[in-house]
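So the chains spell out like this:
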Amino acid sequence: QKEVEQNSGPLSVPEGAIASLNCTYSDRGSQSFFWYRQYSGKSPELIMFIYSNGDKEDGRFTAQLNKASQYVSLLIRDSQPSDSATYLCAVTDSSASKIIFGSGTRLSIRP
Amino acid sequence: DAGITQSPRHKVTETGTPVTLRCHQTENHRYMYWYRQDPGHGLRLIHYSYGVKDTDKGEVSDGYSVSRSKTEDFLLTLESATSSQTSVYFCAISDRVGGLKNEQYFGPGTRLTVT
């Protein structure tokens, strides 16, 4: 079974700081990588996706991909209390027909 | 929730009873998925569909069956519910697989408790 690993946290970050979330995956054939945000009691919401090595920025969010190291990360700049949630890393399998999810990292932004 | 509804949103049932959960989409997406989410396990794929009447098993399919008779509806059935099937169930949709842009969008979820 291909795996996606995340630190479960909780990760506590002061308001205004940069939050850094990390993920590793085992399937070298994976081509698409996603970050979902999930508030408590709610469904996962897609916030970022990345396909190419390097950085992709969208507002306060930056996704980083390193295929050689099989590593994906999400940076959240100027963290806000509303960013407090669980962040799920997700990776397509090598057939690209299914997505495999990590267990999520719980992020807490403290005022 | 990208035009996806799930029903019921909450259900309590007894061990041994059949249960059917419904996912309905208005996006006309071809691919539909059923996941369960449990603490410490993240989202695990139960079954998925790649078209009307075309379905396949995911990693945790034992005890579950699915049907898709229309593009917009994907049903998940627990033939005889067990306490281990107490979970939150999410439906997801996608308009493509393969290639790169194959993200999935999730419904609001169904919280199922088997007593």
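Residues numbered from 1 in each chain as written. Chains lettered and ligands numbered in written order. Predicted model: local features only at pLDDT ≥ 70, side-chain atom pairs only at ≥ 80, totals over all residues. Heavy atoms only, no water.

*Asks:* With reference to specific residues and values, describe unusual backbone geometry.
*Replies:* Residue Pro-10 of chain A follows Gly-9 of chain A across a cis peptide bond; omega there is 10°. Looking at the secondary structure, you find Pro-10 of chain A in the loop between strand 1 (4–6) and strand 2 (11–14). Omega for the peptide link from Ser-7 of chain B to Pro-8 of chain B comes to -10°, which places this bond in the cis form. Relative to the helices and strands, Pro-8 of chain B is located in the loop between strand 1 (4–7) and strand 2 (10–13). Unusually for a residue other than glycine, Asp-78 of chain A sits at a positive phi of about 50°. The topology assignment puts Asp-78 of chain A in the loop between strand 8 (71–76) and strand 9 (85–92). Of note in the backbone geometry, Lys-53 of chain B takes a positive phi value of approximately 65° without being a glycine. Counting through the fold element by element, Lys-53 of chain B comes out in the loop between strand 5 (42–51) and strand 6 (54–57). (Helix = DSSP H or I, 4+ residues; strand = E, 2+ residues; numbered from the N terminus.)

*Asks:* For the sheet that holds strand 8 of chain A, give the residues involved together with the corresponding values.
*Replies:* Picture the strands of a sheet paired through backbone hydrogen bonds; they go either parallel or antiparallel. Residue and element names in this part refer to chain A. If you walk across this open sheet you meet the 5 strands as 1-3-8-7-6, and the pairing is antiparallel. Of all the strands in the sheet, the pair left with one neighbour each is strand 1 and strand 6 (54–58). Averaged over all adjacent pairs, the angle separating strand axes in this sheet is 20°, with direction ignored. Of the strand pairs in this sheet, strand 6 and strand 7 (residues 61–66) are connected by 5 bridges, and their pairing is antiparallel. Counted as the bridge partner of Asp-55 is Gln-64 from strand 7. (Pairing = 2+ DSSP bridges. Axes fitted to C-alpha atoms, helices over the stretch in contact; angles between N-to-C directions.)

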